[in-house]
Amino acid sequence: MSIATRALFEFDDSYARELPSLSVPWRVTPVPAPRVLVLNGELAEELGVEAHLLSESAGVALLAGNAAPDGVSPVAQAYSGHQFGGYVPRLGDGRALLLGEVLDRRGRRRDLHLKGSGRTPFARGGDGKAAVGPMLREYLMGEAMHALGIPTTRALAVVATGETVARETALPGAVLSRVAASHLRVGTFQYAASSVEPGLVRKLADYAIARHYPDAAGAPNPYLEFYRRVIDAQASLVARWMLVGFIHGVMNTDNMAISGQTIDYGPCAFMDSFSPATVFSSIDHAGRYAYGNQPVMAQWNLARLGETLLPLIDESVDAAVEGATEAVNSFAERYDTYLTSGTAAKLGVHDADRSLVGELLALLESQRVDWTLFFRALSEWVRGRPEPARSLFAEPGAFDVWVERWQARFSSDRHAVAAAMDRINPVYIPRNHRVEEALSAATEGDMAPFDRLVEVLARPFDERPGLEAYAHPAPASFGRHITYCGT
Ligand code: AMP
Ligand code: MG
């Protein structure tokens, strides 16, 4: 088995090798009856593996964490994190392992990581396991985000373990295999910064620069430049979340990736009707990670990253603080630039000034208009069919007034404008009731609704007849949607 497994991927272990104090070698915990629930054929191909090999016994053993390939020594990665603002010095992979890195077909280094693969030295009180529902949720959300063109980690597979895990009820267990540009987190830097080992943050920063921002190495101040790059990647990422109505739900510093990919899908969900205060997570009582707070929280996390980099930025504390402060303050402008250009594109105009957008948002909020339906309906308006958009407003009069100002802005080639809008305003997003329905069925053993939903979300911009039920928000009877952490 090990020979076949080895042939699947050629693993490297640069992280474990170059930063040995930032992980603990650990073993996989075999599970009794692994069975593939879903396998990401497209991603397997990208990684240079024929998908069918992954559903054969050696492949399943690898994806379930039943056998580490020869020569591979998995590690549990160490990190700290601010969780809801409170610092926890030692988090780390409590129920996950990094198998290693794989160079994909385009030569990009990508982590292959297991989640739900058993207790590690970082498990604290946890059982190290994961349930089918949350792991399928991560698979689904990651694929939806990928199809929307938003940087994200992706799942290669979800494998049922044949075990039950004890949550509020007994649930079927699963292991998710995750592919990420890396698992370097803001929390990884926090962990390194609190270590007594001299030079550890520098080693980590050098590693991160080489892996993600190699150009920064040539800058006059490489570490400050690295910091700016991370800030820019996050400003861009969060703007893209906002443009599609994505709410991460648990933007702790341990859940923010240095690469700029969305990571750690827990209680995330998409907003229906526009409201900055939207929160779905059952544990986010204060709304810290509400939709409208996400940019501010991203900047807060980046300030924590900056603190860890100060000694590298300048020997003089004052100069370091000044450089880092200027960099972190640039988040607002960078974010604003990404958001403004993204909003203009959603509206089909070249530039969307604050008052045009502000008035629209006020209208959408006061009339509880569905975010996704609205932008999609707007291209119909451009095509000369005002009703789909108007009908989303209980009192369309105010919308009619706004439209007068808006339509003065778009270019005369209406067909081209509408087509461009349809390429960025999705028809299909993971609607909360659809996600819940798919996950409940899967937990009961029926994967059909999940498979269908994944298929629909793989082409979010392509309106297809017969899929109307996937385009609409939950009926009022669905009630207030609440999401839970994936534990
Ligand atoms: P998360 O909320 O998934 O981002 O996890 C936060 C921290 O809790 C990380 O250190 C996880 O490894 C750890 N953790 C979450 N669930 C479990 C579990 N079931 N067993 C062990 N550790 C866990
Ligand atoms: Mg996490």
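Residues numbered from 1 in each chain as written. Chains lettered and ligands numbered in written order. Predicted model: local features only at pLDDT ≥ 70, side-chain atom pairs only at ≥ 80, totals over all residues. Heavy atoms only, no water.

**Topic: helix H5 (residues 57-64)**
Link 1 in the chain: Of all 8 residues in H5, 7 are buried; the element is thus mostly enclosed.
Link 2 in the chain: Among all positions in H5, only Ala58, Gly59, Val60, Ala61, Leu62, Leu63 and Ala64 are buried.
Link 3 in the chain: A positive phi of about 75° marks glycine 65, the residue just after H5. (Buried < 20%, exposed > 50% of the residue type's maximum accessible area, 1.4 Å probe, protein only. Helix = DSSP H or I, 4+ residues; strand = E, 2+ residues; numbered from the N terminus.)

**Focus: the packing of helix H12 (residues 354-366) against helix H13 (residues 371-382)**
Link 1 in the chain: Running from N to C, H12 and H13 cross one another at 125°; their axes reach a closest spacing of 11 Å. The angle between the axes of H12 and H13 places the two elements in the oblique class. In the packing of H12 onto H13, the handedness of the crossing is right-handed. Judged by residue contacts, Leu360, Leu361 and Leu364 of H12 engage Trp371, Phe374 and Phe375 from H13.
Link 2 in the chain: When its residues are assigned to classes, the contact of H12 with H13 shows 6 nonpolar, no polar and no charged. (Axes fitted to C-alpha atoms, helices over the stretch in contact; angles between N-to-C directions. Parallel < 35°, antiparallel > 145°, perpendicular 65-115°, else oblique. Left-handed = near helix turned anticlockwise from the far one by under 90°. Contact = heavy atoms within 4.5 Å. Nonpolar A, V, L, I, M, F, W, Y, C, P; charged D, E, K, R; others polar.)

**Section: the side chain of asparagine 301**
Link 1 in the chain: Residue placement: asparagine 301 occurs in helix H10 (residues 294-313).
Link 2 in the chain: Judged by its relative accessible area of 1%, asparagine 301 falls in the buried class.
Link 3 in the chain: Ignoring any residue separated from it by four or fewer positions in sequence, one finds asparagine 301 in contact with Val186, Met251, Asn252, Thr253 and Met256.

**Some thoughts on the coordination of the magnesium ion (ligand 2)**
Link 1 in the chain: For the magnesium ion (ligand 2), every protein donor is listed as Asn255 (OD1) and Asp264 (OD), and the spread of their distances is 2.0 to 2.2 Å. Across the pair, aspartate 264 and asparagine 255 agree in class, each one buried. (Donors = N, O, S within 2.8 Å, 3.2 Å for Na, K, Ca; no water.)

**Details of the pattern of salt bridges**
Link 1 in the chain: Evaluation of the coordinates by the stated rule reveals 42 salt bridges.
Link 2 in the chain: Arginine 167 is the salt-bridge partner of aspartate 127, the closest N and O atoms lying 2.7 Å from each other. Placement of the pair is aspartate 127 in the loop between strand E8 (109-115) and helix H6 (132-147) and arginine 167 in the loop between strand E9 (154-166) and strand E10 (170-180), with a sequence separation of 40 residues.
Link 3 in the chain: Residue classification places aspartate 127 among the partly exposed positions, given a relative accessible area of 28%.
Link 4 in the chain: On the basis of relative accessible area, arginine 167 is assigned to the partly exposed category, the value being 25%.
Link 5 in the chain: For arginine 154, the salt bridge goes to glutamate 143, with nearest N and O atoms at 2.8 Å. Of this pair, arginine 154 sits in strand E9 while glutamate 143 is found in helix H6, placing the two residues 11 residues apart along the sequence. In this structure, arginine 154 and glutamate 143 share a single accessibility class: buried.
Link 6 in the chain: Counted as one network, the salt bridges with shared partners bring together Glu42, Glu46, Asp104, Arg108, Arg110, Glu143 and Arg154. (Salt bridge = Lys/Arg side-chain N within 4 Å of Asp/Glu carboxyl O.)

**Digging into the domain arrangement of the protein**
Link 1 in the chain: For the protein, the assigned domains read domain 1 (3-182) and domain 2 (187-345).
Link 2 in the chain: Measuring from the centre of the C-alpha atoms in domain 1 to the corresponding centre in domain 2 gives 23 Å.
Link 3 in the chain: Taken together, the contacts link 38 residues of domain 1 with 41 residues of domain 2.
Link 4 in the chain: Regarding the contact of domain 1 and domain 2, the summed buried area is about 3,300 Å², with carbon and sulfur atoms giving 59% of it.
Link 5 in the chain: Looking at the side of domain 1 facing domain 2, the largest losses of area belong to Leu22, His82 and Phe84, adding up to 20% of the total buried there.
Link 6 in the chain: Taken together, domain 1 and domain 2 are joined by 3 salt bridges.
Link 7 in the chain: Among the ionic pairs, arginine 211 bridges to aspartate 111, the shortest N-O distance being 2.7 Å. (Domains from an automatic or database assignment. Buried area = accessible area lost by both parts, 1.4 Å probe.)

**Observations concerning the environment of glycine 162**
Link 1 in the chain: As for its placement among the helices and strands, glycine 162 is situated in strand E9.
Link 2 in the chain: For the pair formed by glycine 162 and proline 34, sequence separation is 128 residues and the distance between their alpha carbons is 6.1 Å.
Link 3 in the chain: Those residues in contact with glycine 162 that lie beyond four places of it in its chain are Pro32 and Ala33.

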